[in-house]
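Residue-level listing of the chains:
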Amino acid sequence: MPPQRDIGLYIHVPLCRQRCHFCAFYLEIATPARIESFLSALERELTLYHQQNLLDERALQSIYFGGGTPTTIPSQQLAALLDRIRNTYLVTPDVEVTVEAHPSTVTLSDLRVLAEAGFNRISLGAESMAPQDFIPIGRPGTISETEQAVANARTAGFSNINLDLMYGLPGQSLASWTATLQSLLALDPTHISCYALTIEDHTKLARDIATGLVPAPDEALQIEMGEAAETVLASAGFTRYEISNYAKPGNACRHNLLYWTDGDYLGLGPSAQSYVAGSRFGNIAHLDTYTSQLENDQLPVADRLPLSVEEQRRDALIFGLRLLNGIPNSLTADDQGQREILNQLIAKGLIVEEGTRTRLTPLGRRFADSVASELF
Ligand code: SF4
């Protein structure tokens, strides 16, 4: 029998206090009524999957509460939900339990409740450390709230703290981005994610750019900012282990590594995606429909795609190439045609083969999606 893949649980909370101008995710504005209906439907979804024994008695290696903003839900209720999960599924003794939080949604006492409940990793959406960057992207909150949230998280007992940043923001200069990185480092996180801003259709930011209210992103500057991040963070002891992710030694995000190392994950909540036993499936992106289907004891799955062995290999290659140490050579060059494409990508300086692994070069990382799609 082949070895079982690692598995994690993802809880998607599609609730936020307000919508940021760049955000195209499915979400609802958090109200007490929305929170209640979401939590009771989620409880039902947990139970249905448990009855199906979908995880086949496998122990969870990670549990990740993402969103949205999970901390729009009161901390006591998040703690109770985590308790419920731990009473329903097996978990490994060193399970990584992450909660994403917007800095202005958590107090010290909230963070204490979460740490005591067993959350051992927190991911705070800092986005920038320059207040002027928040205006065009409509990100609520202040820099001092970010600083306070990090200090409070540490006081509450979180030693594994991620801070999310965005770069290529309207009006952001290279100097201001570098200053943001330095200010962030002063908060001493263990993990930093740096995402290039992308302009999604049908967002307020896309409209503001179209009408000239906000300057369009400068692609060349964004590339320079990505390179600056690697230099600044490397000199502070962070290793870039994935295109957008940096960690101090031993602090790579175990949950996200599942996505890039062909692991399994079960996603619960509206619009959550899953990959279990070679099958991809995704929940309906609509809270009311999600709730009403679960009230009728139906899983709220909108689409399901069993993958052939070849498709599973393709996905493992596409996601794995995002890792700085790449993929095992066994995932590539399965046939003559693919070997030729690989040779062309190597000749163009986009990919290198080293020992038993194949990885993107710095140039290839800029075009990661198109390089991966060329291979299939
Ligand atoms: S907090 Fe995150 S999920 Fe919520 S609106 Fe802003 S970007 Fe979107």
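Bear in mind that the values here come from a model prediction, so they are computed numbers and not experimental data. (Residues numbered from 1 in each chain as written. Predicted model: local features only at pLDDT ≥ 70, side-chain atom pairs only at ≥ 80, totals over all residues.)

Peer 1: Would you mind going over the overall build of the protein with me for this structure?
Peer 2: Counting its regular elements, the protein contains 14 helices and 17 strands. Over its C-alpha atoms the protein spans a radius of gyration of 21 Å, differing by no more than 12% from the 21 Å that the globule rule assigns to 376 residues. Over its C-alpha atoms, taken along the principal directions, the protein stretches across nearly 55 × 55 × 40 Å. Taking all 376 residues of the protein together, the buried fraction comes to 40%. Sequence separation of at least 24 residues holds for 71% of the intrachain contacts in the protein that already meet a minimum separation of 6. (Helix = DSSP H or I, 4+ residues; strand = E, 2+ residues; numbered from the N terminus. Rg over C-alpha atoms; globule rule 2.2 N^0.38 Å. Buried ≥ 20, exposed ≤ 12 C-beta atoms within 10 Å, placed from the backbone. Contact = placed C-beta atoms within 7 Å.)

Peer 1: Hey, could you run me through the site of the ligand in this one?
Peer 2: Close to the ligand lie Cys 16, Arg 19, Cys 20, Cys 23, Phe 25, Leu 27, Gly 67, Gly 68, Thr 69 and His 102. Of the residues assigned to the shell around the ligand, the class counts are 5 nonpolar, 4 polar and 1 charged. (Near = placed C-beta within 6 Å. Nonpolar A, V, L, I, M, F, W, Y, C, P; charged D, E, K, R; others polar.)

Peer 1: Teacher, can you tell me more about the pairing of strand 17 (residues 357-360) here?
Peer 2: Alternating positions in strand 17 separate cleanly, Thr 358 and Leu 360 being buried on one face and Arg 357 and Arg 359 remaining unburied on the opposite face. Here 2 bridges tie strand 15 (residues 327-328) to strand 17, and the two strands are oriented antiparallel to one another. When the sheet's bridge partners are listed, Ile 327 is paired in strand 17 with Thr 358. Of the strand pairs in this sheet, strand 16 (residues 351-354) and strand 17 are connected by 4 bridges, and their pairing is antiparallel. Residue pairing across strands places Glu 354 opposite Arg 357, the latter belonging to strand 17. Between strand 16 and strand 17, which follow one another and run antiparallel, lie 2 residues, and Gly 355 among them has a positive phi close to 60°. (Pairing = 2+ DSSP bridges.)

Peer 1: Help me understand the nonpolar core, please; the structure alone is not making it clear to me.
Peer 2: Here is a general trend for soluble globular proteins: nonpolar side chains tend to be buried in one another's company. One finds Leu 9, Ile 122, Leu 124, Ala 153, Leu 165, Tyr 167 and Ile 192 to be the most contacted residues of the largest nonpolar core, which totals 73 residues. If near-sequence neighbours (up to four positions away) are discounted, Ile 122 is found in contact with Val 99, Ala 101, Ala 153, Phe 158 and Ile 161. Among the nonpolar cores identified, the runner-up in size contains 9 residues, and Leu 345, Leu 350, Leu 360 and Val 371 belong to it. (Core = buried A, V, L, I, M, F, W, Y, C linked by C-beta atoms within 7 Å.)

Peer 1: Would you take a moment to explain the domain arrangement of the protein for this structure?
Peer 2: It is common to report an interface's size as the accessible area lost on association of the parts. You can read the domains of the protein as domain 1 (7-260) and domain 2 (309-376). Opposite the 7 residues of domain 1 that make contact, domain 2 presents 8 residues. The element that contributes the greatest number of residues to the side of domain 1 that touches domain 2 is strand 9 (residues 239-242), accounting for 3 residues. Among the residues forming the side of domain 1 that touches domain 2, the class breakdown is 5 nonpolar, no polar and 2 charged. (Domains from an automatic or database assignment.)

Peer 1: Teacher, can you tell me more about unusual backbone geometry here?
Peer 2: As a rule of thumb, non-glycine residues mostly have phi less than zero, and peptide bonds are mostly trans rather than cis. In this model, Gly 67 is joined to Gly 68 through a cis peptide bond whose omega is 20°. When you line up the elements, Gly 68 lands in the loop between strand 4 (60-67) and helix 2 (75-88). Even without a glycine there, the phi angle at Asp 188 is positive, about 60°. Inspection of the secondary structure assignment puts Asp 188 in the loop between helix 6 (174-185) and strand 8 (191-196).

Peer 1: It is not clear to me how the pairing of strand 4 should be interpreted in this structure. Could you clarify?
Peer 2: Residues in a regular strand project their side chains so that they alternate between the two faces of the sheet. Burial runs high along strand 4: 8 of the 8 residues are buried. Across 6 bridges, the pairing between strand 1 (residues 7-13) and strand 4 is parallel. In the sheet register, Val 13 faces strand 4, and the bridge partner there is Gly 67. Relative to strand 5 (residues 91-101), strand 4 runs parallel, the two being bridged by 5 bridges. Pairing of Ile 63 across the sheet is with Val 97, part of strand 5. Where the polypeptide runs from strand 4 across helix 2 and back to strand 5, its parallel neighbour, the crossover connection is right-handed. (Right-handed = clockwise from strand over helix to strand, strands pointing away.)

Peer 1: Would you take a moment to explain the packing of helix 3 (residues 108-117) against helix 5 (residues 143-156) for this structure?
Peer 2: To characterise two packed helices, one gives the angle between the axes of the helices and the distance between these axes. Orientation of helix 3 relative to helix 5, taken along the N-to-C sense of each, is 40°, at an axis distance of 8 Å. It follows from the interaxial angle that helix 3 and helix 5 lie oblique. Helix 5 is crossed by helix 3, and the crossing has right-handed handedness. Listed contacts from helix 5 to Leu 108, Leu 111, Arg 112 and Ala 115 of helix 3 are Asn 152, Ala 153, Thr 155 and Ala 156. (Axes fitted to C-alpha atoms, helices over the stretch in contact; angles between N-to-C directions. Parallel < 35°, antiparallel > 145°, perpendicular 65-115°, else oblique. Left-handed = near helix turned anticlockwise from the far one by under 90°.)

Peer 1: I would appreciate a short explanation of the sheet that holds strand 16 in the present structure.
Peer 2: For sheets, the rule is that strands pair by backbone hydrogen bonds, running either parallel or antiparallel. In spatial order, the strands read 15-17-16; together these 3 strands make up an open sheet with antiparallel pairing. Because the sheet does not close on itself, it has two edges, and the strands there are strand 15 and strand 16.

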